[in-house]
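# Architecture at a glance
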Amino acid sequence: MELNQSQRYDRNVFKKLGDSVQMIFKNTLSDKTKIRLLSAKYSSFVGLEILFCPFISFLGKNLVLSYNANQKIDGTGAQLQRILSIYALSCRYKMGFKKSQIGSVAIHPLDNINSDQELNSYLDELNELFQLPEKETNATSNTDTFIVSLRFRNLALAALKSYIFRKQITLHVVTPYGVSDYHPDSYRSITNNLFHWKNEIDSCQVNSKKKISVHYRSGVGGMAIQKGEKFPREIRIDYFINIVDSIIQSLDKEVDFEILIFTDAPSQNIQYIPPDNQTLLWSTSPGFAAGIMNVKGNDLASSLKKYGDRCSIHIGGNPLTAIKFMSESDYLIMGRSSLSYVAAILNKEGVIYYPPKFWHPPMSHWKISQ
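In what follows, the accompanying structure is described.

### Let's talk about the packing of aromatic side chains
The geometry of two aromatic rings is summed up by the distance between their centres and the angle between their planes. Here the structure, examined in full by the defined rule, presents 18 aromatic pairs. Between F52 and F55 the ring centres are 6.2 Å apart and the planes differ by 45°, which places this aromatic pair in the tilted class. Residue F52 and its partner F55 are located together in helix α2 (residues 31-59), separated by three residues, close to a single helical turn. Measuring from centroid to centroid gives 4.9 Å for F358 and W359, while their planes differ by 65°, and the two rings are edge-to-face.

Structure below.
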């Protein structure tokens with residue numbers, strides 16, 4: 001039923017009133033109070049998820065989850081994290097899973113992808129390594145539903161419909177974190193099912209040195225804050241150095257070690273021109289103007305020179321190589337980045353240092369840094 005003009009006016013008035021009240025609260029509450037409120041909200045949703053789980057597991061036997069790779073092109077780490085999150089949800093709620101191919105990725109300034117042929121080759125490798133097994137349902141008919149951001153209400157409604165009508169509903173999801181972030185330990189179900197990735201890791205040559213990996217996520221540099229975010233993804237190098245020093249101090253004197261720095265930060269300022277079909281992906285980024293991305297340099301080598309030849313800095317290159325090394329490291333110090341979050345999920349035996357102010361919650365065995 002359509003709303004008449006008066007009803008639409010009333011709705012707009014209430015919406016504006018609600019927005020005004022919300023703005024007043026945001027401006028008057030202290031940061032500590034906001035943190036407490038957010039913590040209380042998160043805790044309540046964690047409790048809701050625990051109650052919610054058996055309900056969905058029972059009613060949602062004909063639900064299938066899948067990643068909608070065509071809705072939003074993003075970086076390698078961001079898309080892999082979504083796929084792993086969706087698969088973890090399907091395992092936790094005992095639902096089906098339908099795999100999908102990543103059709104493209106956002107090319108970053110220092111990635112070693114310089115042509116369509118190299119991009120296609122990279123995508124083939126990416127999709128091959130991160131194949132997860134499909135899980136079928138017994139339903140004979142299927143309905144496809146497309147959801148940009150998955151929420152509890154979407155999952156509950158779809159589970160109820162599939163149960164009542166006895167048909168399969170496939171949810172094609174772009175972002176699953178509105179549900180998956182409330183039980184990050186669900187990621188434990190992933191590593192044993194990534195058969196191609198497991199074979200890749202098992203084939204790596206292992207030396208006796210302890211590996212300390214650091215992911216220094218820089219973006220455009222200069223502690224820039226992305227549009228829609230509250231603080232930079234970049235973290236000052238002193239934060240990482242302090243943790244590396246504490247790790248070294250904890251090692252026995254006879255233990256040999258190496259420090260691997262993986263970063264997208266160039267050593268000096270550069271200008272990057274994205275491919276024509278990816279210009280829009282960068283258009284809202286700080287430092288982007290007239291079709292050119294201006295990336296500030298960071299002389300990390302000077303900050304890390306005290307470690308001598310035990311420390312190597314890997315700038316750009318193949319993101320899968322960075323994930324591989326970080327996922328098999330004895331110690332992994334994450335950045336605020338999906339790339340190192342994925343590596344941390346895949347790292348089964350290492351010690352993981354989770355960064356402050358990261359928007360995705362840690363698994364329970366990770367160390368939370370300050």
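### Quick word on empty space enclosed by the protein
Applying the stated rule across the entire model yields two cavities of 30 Å³ or more. What the largest cavity holds in volume is close to 120 Å³. Forming the walls of the largest cavity are 13 residues, and the residues nearest its centre are I83, K99, S100, F130 and Q131. Taken together, the elements giving at least two residues each to the lining of the largest cavity come down to β2 (96-98) and α4 (116-129). Grouping the amino acids of the lining of the largest cavity by side-chain chemistry returns seven nonpolar, four polar and two charged. Approximately 40 Å³ is the volume attributed to the second largest cavity.

### Side note on the nonpolar core
Counting 72 residues, the largest nonpolar core has Y93 and L155 as the members making the most contacts within it. Membership of the second largest hydrophobic core comes to 23 residues, among which are I235, Y239, I261 and A265.

### Digging into the pairing of strand β5 (residues 210-216)
Counting buried positions over the seven residues of β5 gives six, a clear majority of the element. A crossover links β5 with its parallel partner strand β6 (residues 257-263), the connecting element being helix α8 (residues 237-250), and its sense is right-handed. Where β5 meets strand β11 (residues 331-333), three bridges bridge the pair, whose relative direction is parallel. The residue bridging V214 from the neighbouring strand is I333, located in β11.

### Overview of the layout of surface pockets
A volume near 570 Å³ is recorded for the second largest pocket. Lining the second largest pocket are 20 residues, and of these I201, S327, E328, K348 and E349 lie nearest its centre. Broken down by element, the lining of the second largest pocket gets its largest block of residues, four residues, from helix α7 (residues 195-202).

### Observations regarding α8
End to end, α8 covers 20 Å across 14 residues, agreeing with the expected 20 Å (1.5 Å per residue, within 8%). By the burial criterion, the buried members of α8 are I237, Y239, F240, I241, I243, V244, D245 and I247. Where α8 is buried, its residues contact β5, β6, α10 (300-303), β11 and β12 (351-354).

### Description of the sheet that holds strand β1 (residues 63-67)
One open sheet accounts for four strands, arranged β2-β1-β4-β3; its pairing is parallel. Lying at the two open borders of the sheet, with one neighbouring strand each, are β2 and β3 (142-149). Averaged over all pairs of adjacent strands, the angle between strand axes in this sheet comes to 25°, irrespective of strand direction. Direction of pairing for β1 relative to strand β4 (residues 168-175): parallel, over a ladder of five bridges. In the strand pairing of β4, L65 is matched with L171. Most of the contacts of helix α3 (residues 76-92) go to β1, to which it runs at about 170°, and overall it touches β1, β2 and β4.

### Some words on the packing of α3 against helix α12 (residues 338-346)
At a closest axis distance of 7 Å, the pairing of α3 and α12 adopts a crossing angle of 40°. Of the possible angle classes, the one that applies to α3 and α12 is oblique. Relative to α12, the crossing made by α3 is left-handed. Taken together, the residues of α12 that come into contact with α3 (itself represented by G77, A78, L80, Q81 and L84) are S338, L339, Y341, V342 and I345. Class assignment of the residues belonging to the contact of α3 with α12 gives a composition of seven nonpolar, three polar and no charged.

### Looking at the pattern of salt bridges
Side-chain pairs of opposite charge can arise where the charged atoms are in close proximity. In total, this model carries six salt bridges according to the counting rule given. Across the salt bridge formed by K211 and E258, the nearest N and O atoms sit 3.8 Å from each other. Of this pair, K211 sits in strand β5 while E258 is found in strand β6, placing the two residues 47 residues apart along the sequence. Judged by relative accessible area, K211 falls into the buried class, the value being 9%.

### Examining the sheet that holds β11
On the basis of which strands lie adjacent, the open sheet formed by six strands has the order β10-β6-β5-β11-β12-β13 and parallel pairing. The open sheet is flanked by β10 (311-315) and β13 (367-368), the only strands paired with a single partner. In the sheet, β5 pairs with β6 via seven bridges, with the strands oriented parallel. If you follow I212 over to β6, its bridge partner there is I259. Its contacts with the sheet put α12 on β5, β11 and β12, and the angle it makes with β11 is roughly 155°.

What counts as what
Residues numbered from 1 in each chain as written. Predicted model: local features only at pLDDT ≥ 70, side-chain atom pairs only at ≥ 80, totals over all residues. Heavy atoms only, no water. Phe/Tyr/Trp six-rings, centres within 6.5 Å; stacked < 30°, edge-to-face > 60°. Helix = DSSP H or I, 4+ residues; strand = E, 2+ residues; numbered from the N terminus. 1 Å grid on protein atoms, 1.4 Å probe; cavity = no way out; pocket = protein on both sides within 12 Å on 5 of 7 lines; lining within 4 Å. Points joined across faces, edges and corners; volume = space filled by probe spheres on them. Nonpolar A, V, L, I, M, F, W, Y, C, P; charged D, E, K, R; others polar. Core = buried A, V, L, I, M, F, W, Y, C linked by side-chain atoms within 4.5 Å. Buried < 20%, exposed > 50% of the residue type's maximum accessible area, 1.4 Å probe, protein only. Right-handed = clockwise from strand over helix to strand, strands pointing away. Pairing = 2+ DSSP bridges. Expected span 1.5 Å × (residues − 1). Contact = heavy atoms within 4.5 Å. Axes fitted to C-alpha atoms, helices over the stretch in contact; angles between N-to-C directions. Parallel < 35°, antiparallel > 145°, perpendicular 65-115°, else oblique. Left-handed = near helix turned anticlockwise from the far one by under 90°. Salt bridge = Lys/Arg side-chain N within 4 Å of Asp/Glu carboxyl O.

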